[in-house]
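# Geometric and topological summary
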Amino acid sequence: MINVGVLGARGRMGATVCAAVEAADDLALVAAVDADEDRSALGKAEVVVDFTHPGAVMDNLRWCVDNGLHAVVGTTGFDDDRLATVRGWLAANPGIGVLVAPNFGIAAVLMMRFAAQAARFFESVEIVELHHPNKADAPSGTARRTAELIAAARREAGLDPAGPDATTTALDGARGASVDGIPVHAVRLGGLVAHQEVLLGGSGETLTIRHDSLDRVSFMPGVLLAVREISARPGLTVGLDPLLDL
Ligand SMILES: NC(=O)C1=CN([C@@H]2O[C@H](COP(=O)(O)OP(=O)(O)OC[C@H]3O[C@@H](n4cnc5c(N)ncnc54)[C@H](OP(=O)(O)O)[C@@H]3O)[C@@H](O)[C@H]2O)C=CC1
Ligand SMILES: O=C(O)C1=N[C@H](C(=O)O)C[C@H](O)C1
């Protein structure tokens, strides 16, 4: 039995994680903590899951590492500087495992992988991410990560990450944000959960790779897999890929 604590427990994701943990025979929910609540209840946990806010997650994660707790983190906002900071904390606490994943959906992980594979075959690539209107950040962590993977694949193939673009006059934002040279566009629309299209274009043909999370239960198999495996993976793991043998 693995004792699990959840940070952000009353949020959209946190509540879904609490229900998934309670439904699993091999996991016990021992603490459910939300904003402005005492984190000390998490001391009974072996693994803490964080789905809070980009502004809160680093303080939470520091607290977990300092208290000897493994952490599975879905909260967004992790750039290279933040990941380096977490690596530093873990170097001083060598038995602790932290997994940070921008997306726990298996299909989303595959979408990112397929996009990176396709990236070198097309002159143009742009990303459109579409989410519910209560989302705190833009672009999504998934879109950022996808753009980074695509840009790395294109650089490795000797291609400019950015495709051809003759547009010289544009309203601010009309061409999206540039992430590693890849244009990323963010849509916020009632009725949506979490969706992304990677648009690739070449000579007389295009390829669209689309992923849809239609319900937050889509993230649960990945979250529970990480909860079960994190104690055997000391140090920092980024993304779910290594746990899926990708
Ligand atoms: N990796 C993945 O697969 C996924 C990642 N996400 C990410 O997870 C994060 C949360 O998303 P979502 O659940 O929709 O957001 P919500 O706003 O629904 O939930 C966040 C919860 O965390 C609480 N909270 C804020 N600060 C703290 C804190 N310091 N300690 C404990 N709880 C805190 C909030 O309380 P209050 O409202 O009072 O501030 C709220 O209840 C986002 O970064 C989102 O992008 C989302 C889906 C999937
Ligand atoms: O806030 C969300 O909802 C989501 N956040 C993550 C992200 O920013 O990529 C994962 C998924 O897109 C849902």
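Since we're looking at a predicted model, the values are computed, not measured.

What counts, and where the lines are drawn
Residues numbered from 1 in each chain as written. Chains lettered and ligands numbered in written order. Predicted model: local features only at pLDDT ≥ 70, side-chain atom pairs only at ≥ 80, totals over all residues. Heavy atoms only, no water. Core = buried A, V, L, I, M, F, W, Y, C linked by side-chain atoms within 4.5 Å. Buried < 20%, exposed > 50% of the residue type's maximum accessible area, 1.4 Å probe, protein only. Helix = DSSP H or I, 4+ residues; strand = E, 2+ residues; numbered from the N terminus. Domains from an automatic or database assignment. Contact = heavy atoms within 4.5 Å. Buried area = accessible area lost by both parts, 1.4 Å probe. Salt bridge = Lys/Arg side-chain N within 4 Å of Asp/Glu carboxyl O. Polar contact = N/O pair within 3.5 Å; in protein donor to acceptor, adjacent residues only side chain to side chain. Nonpolar A, V, L, I, M, F, W, Y, C, P; charged D, E, K, R; others polar. Pairing = 2+ DSSP bridges. Near = heavy atom within 4 Å. Areas by Shrake-Rupley, 256 points an atom, 1.4 Å probe, with all protein chains shown as cover.

Another aspect to go through is the nonpolar core. Soluble globular proteins tend to pack their nonpolar side chains together in the buried interior. Counting 30 residues, the largest nonpolar core has Val49, Phe104 and Val227 as the members making the most contacts within it. When contributions to this core are tallied by element, the ones reaching two or more residues are β1 (2-7), α1 (12-23), β3 (47-50) and α6 (220-229). When we break this core down by domain, the ones giving at least three residues each are domain 1 (2-100 + 217-243) and domain 2 (106-214). If we ignore the near neighbours within four places in the chain, the residues touching Val227 are Ile2, Val4, Leu27, Val47, Val49 and Val72. Counting 19 residues, the second-largest nonpolar core is a separate cluster that includes Ala115, Ala118, Ala147 and Ile182.

Moving on, we get to the domain arrangement of the protein chain. Domain annotation of the protein chain identifies domain 1 (2-100 + 217-243) and domain 2 (106-214). Just the C-alpha atoms count here: the centres of domain 1 and domain 2 sit 27 Å apart. Every contact between the two is made by eight residues of domain 1 and, on the other side, twelve residues of domain 2. Together, the buried faces of domain 1 and domain 2 total about 850 Å²; carbon and sulfur atoms form 57% of this surface. For the domain 1 face of the interface with domain 2, the top three residues by lost area are Arg12, Thr76 and Asp241, together amounting to 45%. Remark: the boundary between domain 1 and domain 2 carries one salt bridge. We note a salt bridge from Arg113 to Asp241, for which the minimum N-O separation is 3.2 Å. Joining domain 1 to domain 2, the criterion identifies four residue pairs in polar contact (both at pLDDT 80 or more). Taken together, the residues of the side of domain 1 that touches domain 2 break down into three nonpolar, three polar and two charged.

Let us look at the pairing of strand β9 (residues 194-201). Within β9, six of the eight residues are buried, which leaves it mostly tucked inside the rest of the structure. Both strand β6 (residues 124-131) and β9 contribute to a ladder of eight bridges, which runs antiparallel. Pairing of Glu126 across the sheet is with Leu199, part of β9. In terms of strand pairing, β9 meets strand β10 (residues 206-213) through eight bridges, oriented antiparallel. Note on β10: the bridge partner recorded for Glu197 is Arg210. The turn joining β9 and β10, which pair antiparallel and follow one another in sequence, is formed by four residues; a positive phi near 70° is taken by Gly204.

This next bit is on the site of ligand 2. Surrounding ligand 2, one finds Thr76, Pro102, Asn103, His131, His132, Lys135, Ser140, Gly141, Thr142, Ala194 and Phe219. Contact distances for ligand 2 include 2.9 Å between an oxygen atom and a side-chain N or O atom of His132. Lys135 is positioned with one of its side-chain polar atoms (N or O) 2.7 Å from an oxygen atom of ligand 2. In the shell around ligand 2, the residues fall into three nonpolar, seven polar and one charged.

Residues in contact with ligand 1 amount to 21 residues; listed here are only the nearest, Arg12, Met13, Thr76, Phe104 and Lys135. Gly8 is positioned such that a nitrogen or oxygen atom in its backbone is 3.5 Å from a nitrogen atom of ligand 1. Between ligand 1 and the protein, one listed contact pairs an oxygen atom with a backbone N or O atom of Phe104 at 2.8 Å. Here ligand 1 loses 74% of its free accessible area of 920 Å² to cover by the protein chains.

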